[in-house]
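Architecture and fold: a report
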Amino acid sequence: MKTWIILCGLASFALAHAADKIEVVKPTVLKPADVLKPIDPTERVQICGKTSCRTIMINDLMRQIERERSGGGDIIGNGGGLAEQNFTYALSQLPEFISETLNEGFVKGVDVTNLNKIYAVAKSESAKADKLVFLSGKNNPGIFSAANDPEIRLAKTGLTSEAPIFVNIDLLYSRTEDGTEILPMPVMIASLVHELGHQAGFTDHAYLDFLGARVRRMIEADFNRAARKLNGNLKIEMVSINLGSFSMPKLSLSIGDAFIPYEKPLYSVLRCRDGGLPRAARLSNQHWERAAEFGSVWITPFRAWASLTCVNKSGVSETEDRDLILDLRIDTSEELPMVEIVQLAIEN
Ligand SMILES: [Zn+2]
């Protein structure tokens, strides 16, 4: 198998983000795949887990991942940071994000056909273990840069769906006055559309940036972040994403270095007044109410309005406006805070 590893996009954003300033987007020069710098599969990459690093040939890495997947294992074990967990979550939700983009008409004509091809790859690849491999660009000089191109890239992959997607961990975090910020999830989503586009056989980076930007626009159309700080330093952030008119919202919590998806518990309480399942739901007015502190334990109330689309007995759709109640118990006595749901319900 001929493995081409393609250096990829969103570089202008990634650079701007890393440097914390807006860069002028330079005109993209379209290059056919055969003049892109391929990476020799015999090239070695350094992969770091929580406590140690190792160096491995890309070819061997791909074989190991394949072997371990059949046994359900996780050989890489390097996706533990908050941004990496966000990236992994974004990948797991990508098929739905792409299909919403298609359903809501964010692309037209031939772009529909092409985005459908990327959807097919996303569907088969999004749940695979070790699909994302996080590498430091600094510790792997040359991997995320190309000859004749001064830009440092966010990610790269090959032109087949067997290839992992290498993500440049150096661009995932940036220091701000407020602490450390991670790359926004909509940017990760656009980047994944781009990379999986290569795996679907597309070689034009600019075109894949365009398709990625359409999916990002769908996500950003109703993307909400509610953030606050507990005891000075510990940041908690609830992210909710409303999708199309026939969909359920996404809901996830970032706390310290941990990422917790809440779709499962949320969907278990989103019910119409007659007890039936809603056809769709949207969240709005998301906010944290004042937390109560009991030593190292906090009770943090998250609130939102939930608009449910319910179908009555005559088959007519009606909107039911309810209140979402989500109280979390956060124990900050250990280095890794423990989070538990103490109350989850819809009221009124
Ligand atoms: Zn690319």
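A brief look at the structure comes next.

Definitions and cut-offs
Residues numbered from 1 in each chain as written. Predicted model: local features only at pLDDT ≥ 70, side-chain atom pairs only at ≥ 80, totals over all residues. Heavy atoms only, no water. Helix = DSSP H or I, 4+ residues; strand = E, 2+ residues; numbered from the N terminus. Buried < 20%, exposed > 50% of the residue type's maximum accessible area, 1.4 Å probe, protein only. Contact = heavy atoms within 4.5 Å. Areas by Shrake-Rupley, 256 points an atom, 1.4 Å probe, with all protein chains shown as cover. Polar contact = N/O pair within 3.5 Å; in protein donor to acceptor, adjacent residues only side chain to side chain. Salt bridge = Lys/Arg side-chain N within 4 Å of Asp/Glu carboxyl O. Disulfide = S-S within 2.5 Å. Pairing = 2+ DSSP bridges. Axes fitted to C-alpha atoms, helices over the stretch in contact; angles between N-to-C directions. Phe/Tyr/Trp six-rings, centres within 6.5 Å; stacked < 30°, edge-to-face > 60°. Lys NZ or Arg CZ within 6 Å of the ring centre and 35° of its normal.

1. Things to note about the overall build of the protein
Tallying secondary structure elements over the protein gives 7 helices and 17 strands in all. The buried share of the protein, reckoned over its 348 residues, is 48%. Put simply, of all contacts in the protein between residues at least 6 apart along the chain, 63% involve residues at least 24 apart. Per element, the accessible surface of the protein, about 16,600 Å² overall, is 51% carbon and sulfur.

2. Digging into the side chain of Ser240
Among the structural elements, Ser240 can be located in strand E10 (residues 234–241). One polar contact links Ser240 to Gln286, side chain to side chain, over a distance of 2.8 Å. Setting aside chain neighbours within four positions, we find Ser240 in contact with Asp222, Phe223, Asn224, Lys250, Leu251, Leu283 and Gln286.

3. Topic: the pattern of salt bridges
A full pass over the atoms with the stated rule returns 14 salt bridges. The partner of Lys131 in a salt bridge is Glu125, and the shortest N-O contact between them spans 2.8 Å. A residue is classified by how much of its surface remains accessible, and Glu125, at 2% relative accessible area, is buried. Notably, a salt bridge pairs Glu289 with Arg303, separated by 3.9 Å at the nearest N-O pair. You can see Glu289 sitting in the loop between strand E13 (280–288) and strand E14 (292–294) and its partner Arg303 sitting in strand E15 (residues 297–311), a full 14 residues away along the chain. Look at Glu289 and you get partly exposed, because its relative accessible area is 35%. Each of Glu181, Arg225, Lys235 and Glu237 takes part in a single network of salt bridges with overlapping partners.

4. Thoughts on the state of the cysteines
Going through the model one piece at a time under the given rule, you end up with 2 disulfides. At a sulfur-sulfur separation of 2.0 Å, the disulfide partner of Cys48 is Cys53. The sign of the S-S torsion, about 105°, decides the handedness of the disulfide formed by Cys48 and Cys53: right-handed. Given a relative accessible area of 44%, Cys53 falls into the partly exposed group.

5. Describing the environment of Ile346
Its location among the elements puts Ile346 in strand E17 (residues 338–347). With relative accessibility at 14%, the residue Ile346 sits in the buried group. Placed 74 residues apart in sequence, Ile346 and Cys272 show a C-alpha to C-alpha distance of 9.7 Å. Those residues in contact with Ile346 that sit more than four places away from it in its chain are Val269, Leu270, Arg271, Leu308, Arg322, Asp323 and Leu324.

6. Thoughts on the pairing of E10
Regular strands place their side chains on alternate faces of the sheet. Counted residue by residue, E10 has 7 buried out of 8 residues, so it is predominantly covered. Between the antiparallel neighbours strand E9 (residues 223–230) and E10 lie 3 residues, among them Asn231 with a positive phi of about 30°. The pairing of E10 with strand E11 (residues 250–255) spans 6 bridges and is classified as antiparallel. Residue pairing across strands places Ser240 opposite Leu251, the latter belonging to E11.

7. Here we look at the sheet that holds E10
Reading across the sheet, the 4 strands line up as E9-E10-E11-E12 and stay open at both edges, with antiparallel pairing between neighbours. The strands lining the two open edges of the sheet, one partner per strand, are E9 and strand E12 (258–261). In this sheet, adjacent strand axes meet at a mean angle of 15° when their direction is disregarded. Across 8 bridges, E9 lies against E10 in antiparallel orientation. Within E10, the residue paired with Ala226 across the bridge is Met238. Across the sheet, helix H3 (residues 82–103) touches E10, E11 and E12, and the angle it forms with E11 is around 175°.

8. Describing the packing of aromatic side chains
A complete count under the given rule lists 5 aromatic pairs for this structure. With centroids separated by 4.8 Å and ring planes inclined at 55°, the aromatic side chains of Tyr89 and Phe259 adopt a geometry described as tilted. With Tyr89 in helix H3 and Phe259 in strand E12, this pair connects stretches of sequence that are 170 residues apart. Overall, Tyr89 belongs to the buried group, its relative accessible area being 7%. On the basis of relative accessible area, Phe259 is assigned to the buried category, the value being 11%. We note Lys156 situated over the ring of Phe144; from NZ or CZ to the ring centre the distance is 6.0 Å.

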